Amino acid sequence: MIFIASFLFLILVPLVPALLEIIHPRDNLPLLVDYEYTRDPRYFAKSFKRKFIETLSPDILEGAGENADTIRFSDFEVKGLKGEYLSVEKEVKEALLVWGEIRINSLMEMPKEVYAKGNVYIGENSTVNALSSEENIFLEKNSTIIHWVDAAKSIITDGGVNLGGNASCNENLILAKEIKFKRLFASPIATRKLSEVNAIEKGTFIKGSIKSNEDVFISGKVTIEGSVFSEKNIETEGDVEIKGNVFAQGKVILGDKTKIGEKGKVKSVIAKKGLVLKGQVVIYGYAATDGKGIVA
């Protein structure tokens, strides 16, 4: 009898904490999750400026700017340039820190980062490792960004530009045809002229979201208040407005006059296998793909 009682006691002892928690719960609240959190889309530019700007004293920076000297550190070199409008006509191996506007001429290769206080103009068929401006950036035909590009104002592209791994700006990101990209952020992202950004018709209204295990094709004058999700592909055609997010495990093809999101509200277009923007497309927020991103 004593043996049986001892056996039962040993079985019940591990259950005591669980029983006490049921009777007097102490950890019955859900985990705190910030559902509004989004990664800072300008992380690359801010990290870059911390490394090249904030770690250097103003005296050193101003001295480099006046004399076009090179500042050497253990793991990188920065060349400072100062002037109202500068033109780079030969390769600069160091990172560039520019006070004022700068133009990188055609057929140039810049293997390091470029940071400018003023506007930046990248000539045709030129390549820049990474680029940041406190004003606007203009990328001419067939220019290439290897890693990332960021502007405090707008980024304007010509045809055939490769925007690298990440392109972000606070204002307008204007995409010409045959643009290549991975991730985009702006408000708005537009494949049209600035004067045409708000020319969007609204038609049939769908309240809620669309979720499908198959392909989703949306055509005609359709407004969707929620988001669109597909385990395969999503394609739009005509005056389509989606106020939420767009996510596909396959490809996303946004046709002419498609609008994603609203001004002042950040939304995302995520396409696992490829993202194609056709005609006049506006996206307020992120656009990203693990496949190829192109403007057709």
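Per chain, residue numbering runs from 1 following the sequence as it is written. Reporting in this predicted model follows two pLDDT cut-offs: at least 70 for local features of residues, and 80 or more for side-chain atom pairs to be given and counted; totals over whole chains, interfaces and linings ignore these cut-offs and use all residues. Values shown for side chains rest on all heavy atoms present in the structure; no hydrogens or waters enter the calculation.

(A) Representation of unusual backbone geometry within the structure. Residues Ser187 and Pro188 are joined by a peptide bond in cis, for which omega reads 10°. For Pro188, the position within the fold is in strand 12 (residues 180–190). The backbone of Glu178 sits at a positive phi, close to 60°, despite the residue not being glycine. In DSSP terms, a helix is any run of H or I states spanning at least four residues, a strand is any run of E spanning at least two, and both are numbered starting from the N terminus. When you line up the elements, Glu178 lands in the loop between strand 11 (173–174) and strand 12.

(B) Up close: the environment of Gly165. Take Gly165: it is sitting in the loop between strand 9 (155–157) and strand 10 (166–169). For the pair Gly165 and Trp148, spaced 17 residues apart in sequence, the C-alpha separation works out to 5.6 Å.

(C) Quick peek at the pairing of strand 8 (residues 144–151). One requirement defines pairing of two strands: DSSP has to find at least two bridges between them. Judged from the six bridges that link them, strand 6 (residues 127–133) and strand 8 form a sheet pairing that is parallel. Its bridge partner lying in strand 8, Ser133 is registered against Ala151. The pairing of strand 8 with strand 10 spans four bridges and is classified as parallel. Bridging across to strand 10, Val149 finds its partner in Ala167.

(D) How the structure looks around the pattern of salt bridges. Salt bridges, as used here, are contacts in which a Lys or Arg side-chain nitrogen is within 4 Å of a carboxyl oxygen on Asp or Glu. Applying the stated criterion across every chain yields a total of seven salt bridges. Of the charged contacts in the structure, one is a salt bridge between Asp150 and Arg42, with a shortest N-O distance of 2.6 Å. Here Arg42 lies in the loop between helix 2 (16–23) and helix 3 (43–54) and Asp150 lies in strand 8, a separation of 108 residues in the sequence. Taken as a pair, Asp150 and Arg42 share a single burial class, namely buried. The partner of Lys272 in a salt bridge is Asp290, with the nearest N and O atoms 3.2 Å apart. One end of the pair, Lys272, is in the loop between strand 23 (267–271) and strand 24 (274–277); the other, Asp290, is in strand 25 (residues 281–295), and 18 residues separate them in sequence. Relative accessibility thresholds used throughout: buried, under 20% of the residue-type maximum; exposed, over 50%; partly exposed, between the two (1.4 Å probe, protein chains only). The partly exposed category is assigned to Lys272, whose relative accessible area is 43%. By relative accessible area, which is 54% here, Asp290 ends up exposed.

(E) Examining the packing of aromatic side chains more closely. Under the pairing criterion, centres of Phe, Tyr and Trp rings, with the six-membered ring standing for Trp, must be within 6.5 Å; the plane angle then separates stacked pairs below 30 degrees from edge-to-face pairs above 60, leaving the rest tilted. Going through the model one piece at a time under the given rule, you end up with four aromatic pairs. Measuring from centroid to centroid gives 5.0 Å for Phe185 and Tyr286, while their planes differ by 50°, and the two rings are tilted. With a gap of 101 residues between them, Phe185 in strand 12 and Tyr286 in strand 25 connect regions that are remote in the sequence. Here the two residues Phe185 and Tyr286 agree in accessibility, since each one is buried. Feature note: the residues Tyr43, Phe44 and Trp148 constitute an aromatic cluster, connected by ring pairs.

(F) Spotlight on a nonpolar patch on the surface. Patch rule: a residue counts if its relative accessible area is over 30% and it has no salt bridge; like charges are joined within 9 Å, and nonpolar side chains (Val, Leu, Ile, Met, Phe, Trp, Tyr) within 5 Å. For the accessible areas, the method is Shrake-Rupley and the probe is 1.4 Å, while residue cover comes only from the protein chains on display. On the surface, Ile11, Leu12, Leu15, Leu19, Ile22 and Ile23 cluster together into a nonpolar patch covering about 610 Å² of accessible area. Position of Leu15 relative to the elements: it lies in the loop between helix 1 (2–12) and helix 2.

(G) Local environment of the nonpolar core. Nine residue types can take part in a nonpolar core, namely buried Ala, Val, Leu, Ile, Met, Phe, Trp, Tyr and Cys, and a core is a set of them joined through side-chain atoms within 4.5 Å. Ranked by size, the top nonpolar core spans 53 residues in total, and within it Leu131 and Leu163 carry the most contacts. The source of the domain bounds is an automatic or database domain assignment. Viewed by domain, this core spans two of them, domain 1 (43–196) and domain 2 (204–295), each represented by three or more residues. Of all hydrophobic cores here, the second largest spans seven residues; its members include Leu97, Trp99, Tyr115 and Ala130.

(H) Quick peek at the side chain of Thr258. Inspection of the secondary structure puts Thr258 in strand 22 (residues 258–260). Residue Thr258 is classed as buried on the basis of its relative accessible area of 0%. A distance of 2.7 Å separates polar atoms of two side chains, one belonging to Thr258 and the other to Thr236. Any two residues whose heavy atoms approach within 4.5 Å at even a single point are treated as in contact. Look past the residues within four positions of Thr258 in its chain and what remains in contact with it is Thr236, Gly238, Val240, Gln280, Val281 and Val282. Under the rule applied, a polar contact is a pair of N or O atoms within 3.5 Å (in protein, one hydrogen donor and one hydrogen acceptor; residues adjacent in sequence only if both atoms are side-chain atoms).

(I) Region of the structure containing the side chain of Ser133. Among the structural elements, Ser133 can be located in strand 6. One polar contact links the side chain of Ser133 to the main-chain carbonyl oxygen of Gly118, over a distance of 2.7 Å. In this view, Ser133 contacts Ala116, Gly118, Asn119, Val120, Asp150, Ala151 and Ala152; residues no more than four positions away in its chain are not counted.

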